[in-house]
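Observations on chain architecture
Given next are the chains, with one letter for each unit.
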Amino acid sequence: MNYGNVIMKSFFYVVILLAVATVFFATGCTEKPVTGNDTIADSISADTLEADTLETILEAAPVPKAADGLFDDFLFNFAANRKLQYSRIVFPLLADYFGQETHIERKEWKMEHFFMRQGFYTLVAGTSEELYASKDKKVSQAVVEKVMFSDHCVMQYVFRRVEGQWFMQELRKQRLADNVNGTFYAFYNKFVSDSLYRQESLAENVEFSGPDPDDDFSRIEGSIMPEQFSMFVPEIPHGTIFNVVYGEPKPMPDQRVLVVRGVSNGFEIEMTFQKLHGRFMLTALST
């Protein structure tokens, strides 16, 4: 299964009908300051033409009045509407790169497109309950993280709600090891890139919940053995992933719930990892 192709095609057609959008920003991890001109095309595919066409359509669409309610709604519009994006970035934009502050001027900024060509993003939380923060209208800060495993660093885009409206106020660039999820990110990178390590990181019996193949309206629950994992999750996001943190990033307990969520199409996989005997292990899977 190719997440990028399957999810993006669904996204393209669904969003045209509903006038909903999403896109994200990309940068490499170097010591030099990053401006709006620095981009990475690590996930461009045959769907690029569709994405570009979608972008043109959505830029012309009016911004819903309720776009400042939930952060997700705002983010979709922020990433698709050029006028809105420029009006909701506080220039000169404060940028903290590895502890050194600089600023990005308005004239340096270009319309940014984040995970549009991936068609999915991830959420990392300490518990399943924390994932519901995306539906909390009281959340006043959200941090979008671009995790670049090959460069061992994380770019954070910090948004805050000011008088009822969301604004992008800050960029932060940090080494992977300095991120509050750094230990888990390092584990996850090895989990997705090393098949032997992945097998060793699956609990003896992984709790499973998923749709019943014989009944579209029912779900089945049980457990799967390590050797069955690839049957249920044939491909896992790797290389570069995006995470959205609702509220201020904070240290988490020895458990991580990672959700792979499709953009506007209902696709979702939830994986629960727990530290057992000093290392993370996959203990539950929901599709």
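Here's what I pulled together on the structure shown here. (Residues numbered from 1 in each chain as written. Predicted model: local features only at pLDDT ≥ 70, side-chain atom pairs only at ≥ 80, totals over all residues. Heavy atoms only, no water.)

**Things to note about the overall build of the chain**
Stated precisely, the cut-off is as follows: A helix here means a DSSP run of H or I that spans at least four residues, while a strand means a run of E at least two residues long, and both kinds are numbered starting from the N terminus. Only protein chains enter the accessibility calculation, which uses a 1.4 Å probe; a residue whose area is less than 20% of its type maximum is buried, one above 50% is exposed, and one in between is partly exposed. Residues are treated as being in contact if the distance between any of their heavy atoms lies within 4.5 Å. Residue burial considers only the protein chains on display, and all accessible areas are found by Shrake-Rupley using a 1.4 Å probe.
The number of helices and strands found in the chain is seven helices and twelve strands. A total of 287 residues make up the chain; the buried ones form 51% of that total. Taking as baseline every contact in the chain between residues at least 6 positions apart, the subset at least 24 positions apart corresponds to 64%. Here the chain displays about 13800 Å² of accessible surface, and carbon together with sulfur accounts for 53% of that area.

**Focus: unusual backbone geometry**
Between F91 and P92 the backbone carries a cis peptide bond, its omega angle lying at -10°. Tracing the backbone through its elements, the reader meets P92 in strand β1 (residues 89–97). For H152, which is not glycine, the phi dihedral falls at a positive 60°. Position of H152 relative to the elements: it lies in the loop between β4 (141–148) and β5 (153–162). Even without a glycine there, the phi angle at E163 is positive, about 50°. Take E163: it is sitting in the loop between β5 and β6 (165–175). The class for E163 is exposed, based on a relative accessible area of 81%.

**Here we look at the environment of T240**
For T240, the location among the structural elements is in strand β9 (residues 240–246). Each C-alpha atom, one on T240 and one on F115, is 9.7 Å from the other, the two residues being 125 residues apart in sequence.

**Some points on the pairing of strand β8 (residues 215–224)**
Look at any regular strand and the pattern is simple: side chains alternate between the two faces of the sheet. Spelled out, the test is: Two strands qualify as a pair provided DSSP detects at least 2 bridges between them.
When strand β7 (residues 202–212) meets β8, the two strands line up antiparallel, connected through seven bridges. Among the inter-strand pairings, P211 is bridged to a residue of β8, identified as R219. Connecting the antiparallel pair β7 and β8 is a turn made up of two residues.

**A look at the pairing of β7**
Relative to strand β12 (residues 279–286), β7 runs parallel, the two being bridged by four bridges. Considered in β12, the bridge of E207 is made with A284.

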